[in-house]
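# Reading the structure
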Amino acid sequence: MEGGSASGSASTLSNNENVLVSCEDSSSPAENELELGLTLSLGGERRVSYADDSSSSSSLSSRASVTAGIKRTADSMAATSGQVVGWPPIRSYRMNSMVNQAKTLAMEDPIKNRTDATKMRMFVKVTMDGIPIGRKVDLNAHSCYESLSNALEEMFLKPKTDGHLEAGLKILPDGSSGLVLTYEDKEGDWMLVGDVPWGMFIGSVKRLRIMKTSEATGTAQMIL
Amino acid sequence: MDLRLPSKVLEHILSFVDSNEDRNSVSLVCKSWFETERRTRKRVIVRNCYAVTPEAVARRFPEMRSLTLKGKPHFADYNLVPDGWGGYAWPWIEAMAEKCPSLEELRLKRMVVTDECLEKIAASFKDFKVLVLTSCEGFSTDGLAAIAVACSNLRELELRECIVEDLGGDWLSYFPETLTSLVSLDFSCLDSEVKLSDLERLVSRSPNLKSLKLNRAVSLDALGSLLRLAPQLVELGTGSFSDKLDQEAVSKLSQAFSEMKELKSLSGLWDVLPEYIPLLYSVCPGLTSLNLSYATVQMPDLLELLTRCSNLQKLWVMDLIEDKGLEVVASSCKELRELRVFPSGAEGLNDTNVAMTEQGLVSVSEGCPNLESVLYFCVQFTNAAMVTIARNRPNLKCFRLCVMEPFAPDHKTQKPLDEGFKAIVERCKDLQRLSVSGLLTDKAFEYIGTHGKKLRMLSIAFAGDSDLMLHHLLSGCESLNKLEIRDCPFGDTALVANAAKLETMRSLWMSSCCVSFGACKLLSQKMPKLNVEVIDEHPLETRPDSSPVERIYIYRTLAGPRLDMPEFVWTIQKNPEIGVSHLAIK
C-alpha cells in the first residue's frame, strides 16, 4: 500500500497502545535478553502449605494465604472446603449463595445432612521430608494402620513415571527402613503413629508427617 | 501523483470497520490513517486498567462513546488479591468526564467503583446510556439512585455479581416517570426488597425492555404481575421461586409464562421448589440459555425440564444434576455450546451424596457436537475420560476442569492426570482457555507447551514438580496472554529465563509459589516495560533476596508504575536503591 510514510515512533507507540487498548495481541518475537546461565539460588525449603486454622505452619506462603485479605467469605470457606483460601475456585458471590442455600436445604431435609462419621470424609494433610508438596489422605477410608501405611506408600514412594515401587521402602513403625510415620495430635505434640488404638488415633490426629528416622527425636517437640 | 485517500473517504470506509483488531491494523498503516482511525473509533476496550493512562486513552480517542475496562487480576475472584490492591474506576471516570463528555457506555469488570464515581457519571455524561458493572465493589445503593435519577436516556443498568452496600430498595424509586428508554435492568445481586409498585410502573413504561433480572427478594407472586406487564422479555432472571401460592396464582403464573414468546434466557430460580418446575415447561423449547446454578433442585426433578430444552446452547447447573441428568442433556440438548457445572458445596450436599463423576461430562461430549466451552467442578477424574472427551470434541475452545481435591490422581489408576490433559491439548487445536487441576507432573506442562499453540489463558493450581513446568509454558505456548498460577513449587529460574516472553503477554499472576524477592528485583530492572508488583503483607525492605514472596503480578504497561499502590504492594520504583548485588550467579 503506497501512501505516506509511516512515522517510526508513532507506529511503535500506537502498536504498543493498540495491543493494550484492544483485544488481540500483536505477535512480537520473544527475544530472550537474559542469559540462560543466570540462576538464583534459593535458600530454604520450598513448601506448599495450606491455610489451616490450626496450623502456624512453616512457610511464608501459607501464612500469607491466611492473612491475605479474606474479606467476606471466611464462613463460606469453612462451610465448603474449609482448608485452603480461594479453593475450590468459586466466586465469593456464589460461595455466599451456596452457604445460604445449604443451610436452607439442611433445614428442609435432615437426612441429606448426615453426620455419620463413616460417610464423612476426614482429610488430613500428609507431608514427607524432602518432598515439597504435601498430600491429603482420607483417614475414614481406612480402618487400621496397615491400610493407612499402604496408602501412604502408594502416594509418596511410588515414583510417578513408572509403576514400580522401590523395593524395600516402607514406612515402618520402628523406622528401620529409614522412614517413620508421625502425627500431630490435638495438643500439638508430635507422636509416633501406631502407639494407640486406631479409634483413638482418628480422634486426635490433625496431620501426618513421614520423617527420616535420622531426624526423629522421639518425644521432642518438632519444629517445622 | 497523490495516491492518498481523502480522509473523508477513509472515514466513510472506516465506519464499516467494527472490529478493534482491524482498526488496530488500520492505525499502523501511516500517520494519516492513524489520525483518521483514532478520531472515528467509538468503542474502546482496555483489558488492564493499569496498562495505559486514562489521559492517554482519552486523548487518542476523543470521539469515544463506549469504554470497557478491567481492573483486578482474575484470581481476585477467589480472594487471592488483598483488599485495597487497586483497580479504581475514579481516575478513568474523571478523565473521561473532562475529555470525552459524550461518553455513553461504561462497562467495568473487577474494579472499585464508589458512590462518588456513580455520581460523577450521572453529572458528567449528558447522554449516558449503558452502565454494566461486573464483579465490582465499593458502591452503595445510593450511587445507584444517583444514576437512576439523572440519566434520562438510560438504556442498560446491569449489576452482575457485584458486592454492593445495600442501604435499602429505595434506589429504584428514583427512576423518573419520564424514563421510558430502559432496555435492560439487572439488580440480581442486591439483597433488599424494592417496592413492587415502583418496579411495576417502571416495567409498564418501558416498552423496549428486553432483559429483566430480579433479585431474590422479589416474590413469586410479584413475578407473575411483572411478566404480565412485560411478555416481550428476551431475558428473565426470576427472584425467589419458593413462595407457597394458591392454585389460582399458580395458574396465572403459568399463563404468564406461556405468553412469553420471545424468551431466550432464563436465570435466577433461587430456592425453586420441584412442584413449580412445570411452570417453566412452556418456555423451554425457546430457551437458548438456562442458568440453574442457584437452583437447588435434585436430579429427578430436572430431567423433564431438560428434555424440553431442545434449543439450549448454554447451560449452567449444579452438580446435583448428576451423571444421569447430564445424559439427558446429551440426548436432548443437541445445540449445546457451553456447559458449566458448579459444586453444590457445603457439608450435607457434598460428593458422598451426589452421583456426579467424570462420566457426566463424557456423555455430554458424546452427545453434543457443538460443545466448545466447559467448566466442570467434580471430585475426581480419570485420564481415560479426558482422552475420550478430547476424541469426541476436538472443537473445544475452553476447557476448565476443576478437580476439587488438590493433587487428586486418576481415581482408577492412581496415576497423574498428565495423559488426560495431553489428549486435550493435542486434539483440541483451537483451545484458547485451559484450567488444569488434579495431580500433575512437569510432563503435563511439557505437553501443554508443545501442543497448546492457540492457548491464550491458562490457570494452574497445586501442580508440577519444578521450574521446568513454567519454562515449558513460557517457551512453548506462543499465543499465551494470561497465565495465573497458585501453589506450585517453582519460580525463579524459568521466570528469569523467559522474561522477554512476559512483554508479549497481558499478565502473569503467581501466588504461594517459590519466586524470590531477588528474582522480582532482577526482572524489574531488566524489563522496564513491565510492572512487577510484589504483593506481600510482610515488609520487604529487610528481606533477603532469597526469601520467597507471597504473590507477584506482572503486567506490561505503557503507563509506568502506578501511583495508587497500597503499602503491601511493592515495585522496584518504591525502593530503587535496593540493588541486585546479592544474587548468586552460577
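Residues numbered from 1 in each chain as written. Chains lettered and ligands numbered in written order. Predicted model: local features only at pLDDT ≥ 70, side-chain atom pairs only at ≥ 80, totals over all residues. Heavy atoms only, no water.

Residues and elements named next belong to chain B. Between helix H14 (residues 383-392) and helix H15 (residues 418-427), the least distance of the axes is 7 Å, while the angle of their chain directions is 10 degrees. What the angle tells us is that H14 and H15 run roughly parallel. Where H14 approaches H15, its residues Asn383, Met386, Val387, Ile389, Ala390 and Arg391 are matched on the opposing element by Asp418, Glu419, Gly420, Phe421, Ala423, Ile424 and Arg427. Across the contact of H14 with H15, the residue classes break down as 7 nonpolar, 2 polar and 4 charged. (Axes fitted to C-alpha atoms, helices over the stretch in contact; angles between N-to-C directions. Helix = DSSP H or I, 4+ residues; strand = E, 2+ residues; numbered from the N terminus. Parallel < 35°, antiparallel > 145°, perpendicular 65-115°, else oblique. Contact = heavy atoms within 4.5 Å. Nonpolar A, V, L, I, M, F, W, Y, C, P; charged D, E, K, R; others polar.)

Residue and element names in this part refer to chain B. A surface patch of negative charge is lined by Glu55, Glu94, Glu98, Glu116, Glu119, Asp142, Glu165 and Asp170. Looking at the negative patch, the elements with two or more residues in it are helix H5 (90-99) and helix H6 (115-124). Tracing the chain through its elements places Glu98 in helix H5. Assessed through its relative accessible area of 63%, Glu98 is described here as exposed. (Patch = residues over 30% accessible without salt bridge, like charges linked within 9 Å, V, L, I, M, F, W, Y side chains within 5 Å. Areas by Shrake-Rupley, 256 points an atom, 1.4 Å probe, with all protein chains shown as cover. Salt bridge = Lys/Arg side-chain N within 4 Å of Asp/Glu carboxyl O. Lys, Arg positive; Asp, Glu negative; His and termini not counted. Charge placed at Lys NZ, Arg CZ, Asp CG, Glu CD. Buried < 20%, exposed > 50% of the residue type's maximum accessible area, 1.4 Å probe, protein only.)

Residues and elements named next belong to chain B. Tracing the chain through its elements places Asp186 in strand E8 (residues 184-186). Lys213 provides the closest opposite charge to the buried, unpaired Asp186, separated from it by 4.7 Å. Here Asp186 is in contact with Leu157, Glu158, Leu159, Arg160 and Lys213, once residues within four sequence places are set aside.

Residues and elements named next belong to chain B. This structure, assessed with the given rule, holds 8 cavities of 30 Å³ or more. Roughly 160 Å³ of internal volume is contained in the second largest cavity. Forming the boundary of the second largest cavity are 18 residues, of which Pro73, His74, Lys482, Ser507 and Tyr553 lie nearest the centre. Secondary-structure elements contributing two or more residues to the lining of the second largest cavity are strand E19 (482-486) and strand E20 (507-511). The class makeup of the residues in the lining of the second largest cavity is 7 nonpolar, 4 polar and 7 charged. (1 Å grid on protein atoms, 1.4 Å probe; cavity = no way out; pocket = protein on both sides within 12 Å on 5 of 7 lines; lining within 4 Å. Points joined across faces, edges and corners; volume = space filled by probe spheres on them.)

All names here are of chain B. Looking at chain direction, strand E4 (residues 130-134) and strand E6 (residues 156-160) are connected through 5 bridges and run parallel. Bridged to Val130 within E6 is Glu156. Two strands pair when backbone bridges link them, and E6 and E8 are joined in this way by 3 bridges, in the parallel orientation. Looking across to E8, one finds that Glu158 is bridged to Asp186. (Pairing = 2+ DSSP bridges.)

Moving on: the nonpolar core. One finds Phe399, Leu434, Ile460 and Leu483 of chain B to be the most contacted residues of the largest nonpolar core, which totals 197 residues. Leu483 of chain B has contacts with Leu458, Ile460, Leu470, Leu473, Leu474, Met505, Ser507, Leu508 and Trp509 of chain B, leaving out every residue within four places of it along the chain. If you look at the next biggest cluster of nonpolar residues, it comprises 20 residues, including Val126, Leu157, Leu179 and Leu181 of chain A. (Core = buried A, V, L, I, M, F, W, Y, C linked by side-chain atoms within 4.5 Å.)

This paragraph deals with the confidence of the model for chain A. Close inspection of predicted coordinates is inappropriate in any region flagged by low pLDDT. Residue and element names in this part refer to chain A. Across chain A, pLDDT averages 57, with 38% of residues at or above 70. Within chain A, no element has a lower average pLDDT than helix H2 (residues 60-67), which sits at 31, and none a higher one than strand E4 (residues 190-192), at 87. Counting contacts from residues 22-82, a segment whose pLDDT is below 50, to residues more than four positions away or on other chains yields 141 contacts. In this model residues 219-224 is a low-confidence stretch, pLDDT under 50, and it forms 11 contacts with partners more than four residues away in sequence or in other chains. (pLDDT = per-residue confidence, 0-100.)

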